[in-house]
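# Coordinates in review
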Amino acid sequence: MNELLPTPNTRAWKKWKDIILHRITDREDLVIGTAVWDDGTWTDREREMLAREFQYAHDAYEVFQKYLGESVFEHPPV
């Protein structure tokens, strides 16, 4: 993932990346509510940013899944 995305050295980025990589590795869904990551230590700005970034990850994964489903029918394995 480091090759695909910038790697800012912030606590919020590290938390987002750890959770996303764990979910992808374990083939878990990407519906990630605040209860998963909000331990009460985040600033309002960090909390907003994390919620938005988790939603973006979920939305991107949904589009990817849709693409995979469609591409199987358009391009069957040889």
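Residues numbered from 1 in each chain as written. Predicted model: local features only at pLDDT ≥ 70, side-chain atom pairs only at ≥ 80, totals over all residues. Heavy atoms only, no water.

## A few points about the packing of aromatic side chains
What counts, and what does not: Any two of the Phe, Tyr and Trp rings considered here, Trp counted by its six-membered ring, make a pair once their centres fall within 6.5 Å; the pair's planes then place it as stacked at under 30 degrees, edge-to-face at over 60, or tilted in between. Strands are runs of DSSP state E lasting at least 2 residues, helices are runs of H or I lasting at least 4, and numbering of each runs from the N terminus. Think of it in three bands: with a 1.4 Å probe and only protein chains considered, a residue is buried below 20% of the maximum accessible area for its type, exposed above 50%, and partly exposed in between. Placement of a positive charge over a ring is assigned whenever Lys NZ or Arg CZ falls within 6 Å of the ring centre and within 35 degrees of the normal to the ring plane.
Within this structure, the stated rule accounts for four aromatic pairs. Ring centres 5.2 Å apart and planes at 25° place the aromatic pair Trp13 and Trp16 in the stacked group. You can see Trp13 and its partner Trp16 sitting in helix H1 (residues 11-25), three residues apart, about one turn around the helix. Among the residues examined, Trp13 registers a relative accessible area of 16% and is labelled buried. Linked through ring pairs, Trp37, Trp42 and Phe54 together constitute an aromatic cluster. Its end group placed over the ring of Trp42, Arg11 keeps NZ or CZ at 3.8 Å from the ring centre.

## Let's talk about the pattern of salt bridges
Two side chains with opposite charge may pair up if their charged atoms get near one another. Applied cut-off: One side-chain nitrogen of Lys or Arg within 4 Å of one carboxyl oxygen of Asp or Glu is enough to make a salt bridge.
This model, assessed by the stated rule, comprises five salt bridges. One salt bridge in this structure joins Glu46 and Arg11, with 3.1 Å as the shortest N-O distance. You can see Glu46 sitting in helix H3 (residues 44-74) and its partner Arg11 sitting in helix H1, a full 35 residues away along the chain. Ionic pairing is found between Arg47 and Asp44, a salt bridge with its closest N-O pair at 3.1 Å. In this pair, Arg47 and Asp44 both sit in helix H3, three residues apart, roughly one turn of the helix. Residue classification places Asp44 among the exposed positions, given a relative accessible area of 60%. One network of salt bridges, in which partners are shared, links Arg23, Glu28 and Asp29.

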